[in-house]
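Summary of structural features
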Amino acid sequence: MGVVQARMEAALQRFLPATDIVPERLHRAMRYSVLGGGKRVRPLLAFAAGELAGADPARVEVVAAAVEMIHAYSLVHDDMPCMDNDILRRGKPTCHVEFDEATALLVGDALQPLAFQIMAEHVIADSSVEQIEMLKILALASGSRGMAGGQALDLAGVGKSLSLPELEFMHIHKTGALIRAAVVLGARCGHGLDAQEHGRLERYAKTIGLAFQVVDDVLDCDASTATLGKTAGKDAAQEKPTYVSILGLARARALAEELRAEARAALSSFGAPAARLRELADFIVLRKF
Ligand code: GRG
């Protein structure tokens, strides 16, 4: 585990309610769903963007944990029988299998406000106006004009053929919105960037958000369940439109490569301080799980 991941794990341990606090079972299920798993890509992005913007890591830790809580809730709900109906996540039984459906629903219901609570009760900006702006960024990224809306489009697309722009629109929302929020919020914890630089960072964030999804589609048909820690081959089985189903495997791989180059190009003016963001673009595209 890297330094950021270890720091994140400790922070999430602290922010999540303890298992001896009532209701114990819900708190156990929340901790089960958030802790001890996941690549922590979004926190890594928040810390890397924070580093570029000269942010205090103590502030970045809060926004990174908030984004990761929203992400964890989305996975718990996505795995439920009413959505993707999966039994394996991060190499262990999904939340509704380990606990039950009602508890899984409540885990999402509770993780989502907890994300906003920690952002409201810790100092993450120099002014309360700026802090509220940051809460709004996460709210927009999570809601019907962001991740939840993208999920709705995803569910509506099952069994249908989507055009490439339609697929891209869905993914920019479902997966891209939260990835963008991680980068933007990490950078907003500091004040080292001007408006133009924030714009370049936004372009980077949008591009790697899309690259993340293209690679996810490739891995779904290219990697094993054991490597992924989640059921492989589901997209084809569920007749979901994906980059692979539309472009074929080779062109989907080539697109991921193009997006990696585009993301790195967006960072070119930043020089050495953006090294971690470049590494993460490489990791997102070259990952095998
Ligand atoms: C239920 C509102 C709601 C939204 C669900 C993110 C999402 C929306 C569903 C997950 C389904 C899925 C496979 C999306 C593709 C990309 C993705 C977000 C994969 C999982 O993220 P990783 O790989 O997971 O960062 P880890 O476990 O590493 O944190």
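Residues numbered from 1 in each chain as written. Predicted model: local features only at pLDDT ≥ 70, side-chain atom pairs only at ≥ 80, totals over all residues. Heavy atoms only, no water.

**Focus: the packing of helix H10 (residues 195-222) against helix H14 (residues 249-266)**
Applicable threshold: Axes here mean lines fitted to C-alpha atoms, for a helix over just the part in contact, with angles spanning 0 to 180 degrees between N-to-C directions. In this text, helices come from DSSP runs of H or I with a minimum length of four residues, and strands from runs of E with a minimum of two, each type numbered from the N-terminal end. The labels follow the angle: roughly parallel below 35 degrees, roughly antiparallel above 145, roughly perpendicular from 65 to 115, and oblique for the rest. Each crossing is labelled by how the near helix is turned from the far one, with a counterclockwise turn of less than a right angle marking it left-handed and a clockwise turn marking it right-handed. Any pair of residues with heavy atoms lying within 4.5 Å of one another is described as a contacting pair. Residues are grouped as follows: nonpolar covers Ala, Val, Leu, Ile, Met, Phe, Trp, Tyr, Cys and Pro; charged covers Asp, Glu, Lys and Arg; every other residue, Gly included, is treated as polar.
Axis separation between H10 and H14 bottoms out at 8 Å; the angle between their running directions is 160°. The pairing of H10 with H14 is recorded here as roughly antiparallel in orientation. By crossing handedness, the relation of H10 to H14 is classed as left-handed. Contact residues: Arg200, Arg203, Tyr204, Thr207, Ile208, Leu210, Ala211, Val214, Val215, Val218, Cys221 and Asp222 in H10; Leu249, Ala252, Arg253, Leu255, Ala256, Leu259, Glu262, Ala263 and Ala266 in H14. Taken together, the residues of the contact of H10 with H14 break down into 15 nonpolar, 1 polar and 5 charged.

**What to know about the pattern of salt bridges**
Pairing is possible between side chains of opposite charge, provided their charged atoms come close. Heads up, the condition is: Salt bridges are counted wherever a side-chain nitrogen of Lys or Arg sits within 4 Å of a carboxyl oxygen of Asp or Glu. Any residue under 20% of the maximum accessible area for its type is buried, any over 50% is exposed, and the rest in between are partly exposed; the area is computed with a 1.4 Å probe on protein chains only.
Inspection of the entire model under this criterion finds 20 salt bridges. Linking arginine 59 and aspartate 126 is a salt bridge whose minimum nitrogen-to-oxygen distance equals 3.0 Å. Of the two residues, arginine 59 is situated in helix H4 (residues 57-78) and aspartate 126 in the loop between helix H6 (101-121) and helix H7 (128-142); the sequence distance between them amounts to 67 residues. Residue arginine 59 is classed as buried on the basis of its relative accessible area, which comes to 16%. The exposure class of aspartate 126 is exposed, given its relative accessible area of 56%. With a shortest N-O distance of 3.2 Å, aspartate 154 and lysine 240 are connected by a salt bridge. Taken together, the positions of aspartate 154 in helix H8 (residues 147-157) and lysine 240 in the loop between helix H12 (234-237) and helix H13 (243-247) put the pair 86 residues apart, joining distant regions of the chain. On the basis of relative accessibility, which here comes to 10%, the residue lysine 240 falls in the buried class. What emerges from the salt-bridge pattern is a single network uniting Glu9, Arg40, Glu68 and Arg90.

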